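Each chain, letter by letter, is given below.
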Amino acid sequence: MPQPPLRHPPVHSQRVRQQVTRHGILLTKLADMRTWLSSAQTRTRFCIAVIYLLPLLTYTTPGIPPENAGLDRYFALTKAILLASTVAIGSLIIVFGFRSNSIDRSVQSFGGWLLFFAWAVTTILWSPLKTVSLSQAGGLFSLLLHSIIVASVCDHRGNVSRLFRHLCQSLILLATFIVTVYVFDPVTSGLDREILNVQGDGLVHPTASGAAAALGLLLATIAYTAFRFHWSARVLAVSILTCGPLLLLSNSRTATVLAGLIIPVCLFSFGSTRRRGAMIVGAAVLSLVVIIVDPGFTLIDQGLGSSVQYLMRGQDLAQLRQASGRQEMWTAIWSEYLHAPLTGHGYYVTSRTGSLYVWNHFANHTAHNIYLQIFAGTGLIGFTLWSVAMVTVIVQCWRLWEIDRFTRHLAWSLFFCALWYMGWSLGSASFMGPLRYESVIAFTLLGIGVGQSYRDAIRNSRIST
């Protein structure tokens, strides 16, 4: 019998099957990527990457000759790509992990900050420098994403230790790099203030270097005295050898004075009774030796004279009373603020036109004061939203005093760091200005505090379950 002809499937059905297969593979890959992005391990790695990579936006490209001016554009493009990548990946992590309790809690805790960011974006509408406002708002958003994700992974001690260690190590790397560059080329390092005033910025401004060095010493001291992490003694020793010289070379008065005041308080507060007694006895013995060796206090007068000369940086008392020219800056920016008291001039913009004549040149000067910076850029509305955001996080972190000994020490540590930032922000835009090491550290510490504040609730929910 003749065989029936073979029936081949229609061509269009084969295409449909291929498309279904491709769609299935694509959906599987998207599901795998979603699972990977929402995992706690990926979130922790993201936070560590931000700690090391985001501060790279601090660096500038000094001394590029005209024939190589393209390098500056490539460097600016690299920083823009880095910022955009941070925002994109951080947003995906939060979106894919939003159903998890840790992400949900963190977003709620930083709701006030997100409202302030929304207002900062709104001010772009009337900003005379829309590109500047947009880029700086993007920097703020990247810090908020980082802080939210830090809070979501810091609900146990292990990640607190891990992030503290990476913060200290990143500051050690910065100090080692800048001091090494200074040894070979003081101009490029940016630490020579006399050359800086004539030729412009170096790799990192000395004020930013001083802040990073002071925070490096402060965080390493806290890690060793408050928490006794297994790595803290080694990191503290290396920080003294690297961040100490950078703090001296940067000649930042505020950073030096604040570090000199707060670090000894940390040593005394977190020390045992025996260590406190040893510190008191040591101070008494040192005073007795000084009186015996130098009864006329001649050496002390010489030392104080050298210290005062170091902190004066060649300025006279009149210049020092004017806060190194900041009084002129504050007066000019306050006058500009009064022209837009409610809405401000646009995020990170301090004047109506985007250019203000202060210190003998026109520029979009920062206010060199965090409160005036917020007032000038976002107005009274923005300052109110920022104040509510700060108070909300402080109230959230207040739980740390009641959980256990570890969180109480963390609360005291955050308090000492807050004191440093309060003093620092009086003469600097601090973490509300451009991205710097101190801004990344500030938002990392906020995230750690919020994350640890949920430990008691998590423990109670597990017990009830």
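Attention in this report is confined to the structure presented alongside it.

Quick notes on the rules
- Residues numbered from 1 in each chain as written.
- Predicted model: local features only at pLDDT ≥ 70, side-chain atom pairs only at ≥ 80, totals over all residues.
- Heavy atoms only, no water.
- Helix = DSSP H or I, 4+ residues; strand = E, 2+ residues; numbered from the N terminus.
- Buried < 20%, exposed > 50% of the residue type's maximum accessible area, 1.4 Å probe, protein only.
- Contact = heavy atoms within 4.5 Å.
- Areas by Shrake-Rupley, 256 points an atom, 1.4 Å probe, with all protein chains shown as cover.
- Expected span 1.5 Å × (residues − 1).
- Arc of directions from axis to C-beta.
- Core = buried A, V, L, I, M, F, W, Y, C linked by side-chain atoms within 4.5 Å.
- Polar contact = N/O pair within 3.5 Å; in protein donor to acceptor, adjacent residues only side chain to side chain.
- Phe/Tyr/Trp six-rings, centres within 6.5 Å; stacked < 30°, edge-to-face > 60°.

## Structural notes on the overall build of the chain
Helix and strand content of the chain: 21 helices and two strands. Counting only residues that meet the buried cut, the chain has 46% of its 465 residues in that class. When contacts within the chain are restricted to residue pairs at least 6 apart in sequence, long-range pairs at least 24 apart make up 77% of them. If you sum the accessible surface of the chain, you get close to 24000 Å²; carbon and sulfur atoms cover 66% of it.

## Here we look at helix H5 (residues 111–122)
A rise of 1.5 Å per residue sets the reference length of H5, with its twelve residues, at 16 Å; its end C-alpha atoms lie 17 Å apart and thus fit the reference within 8%. Within the sequence span of H5, burial applies to Gly-112, Trp-113, Phe-116, Phe-117, Trp-119 and Ala-120. All buried residues of H5 project into a common sector of 160° when viewed along the axis, lining one side. Those residues of H5 that are buried are in contact with helix H6 (130–153), helix H17 (370–397) and helix H20 (437–453).

## Focus: the nonpolar core
Ranked by size, the top nonpolar core spans 109 residues in total, and within it Trp-113, Phe-164, Leu-218, Leu-219 and Trp-420 carry the most contacts. Tallying contributions element by element places helix H10 (residues 206–227) first for this core, with 14 residues. Setting aside chain neighbours within four positions, we find Trp-420 in contact with Ala-211, Ala-214, Leu-215, Leu-218, Ala-255, Leu-258, Ala-259 and Ile-262. Of all hydrophobic cores here, the second largest spans eight residues; its members include Leu-356, Val-358, Leu-372 and Ala-376.

## Let's talk about the side chain of Asn-369
Checked against the element boundaries, Asn-369 lands in the loop between strand S2 (361–363) and H17. Judged by relative accessible area, which is 12%, Asn-369 ranks as buried. A polar contact of 3.0 Å, which involves the side chain of Asn-369, links it to the backbone nitrogen of Tyr-371. Polar side-chain contacts of Asn-369 include one of 3.0 Å to the backbone nitrogen of Leu-372.

## Observations concerning the environment of Gln-108
Turning to its location among the elements, Gln-108 is positioned in helix H4 (residues 101–109). For Gln-108 and Ile-148, which are 40 residues apart along the polypeptide, the C-alpha to C-alpha distance reads 9.3 Å.

## Remarks on the packing of aromatic side chains
Scanning the model with the defined rule gives 23 aromatic pairs in all. Ring centres of Trp-113 and Phe-116 lie 6.2 Å apart, and the angle between their planes is 90°; on these two criteria the pair is classed as edge-to-face. Here the residue Trp-113 and the residue Phe-116 both occupy positions in helix H5, the gap between them amounting to three residues, near one helical turn. Here Trp-113 matches Phe-116 in class, with each residue buried.

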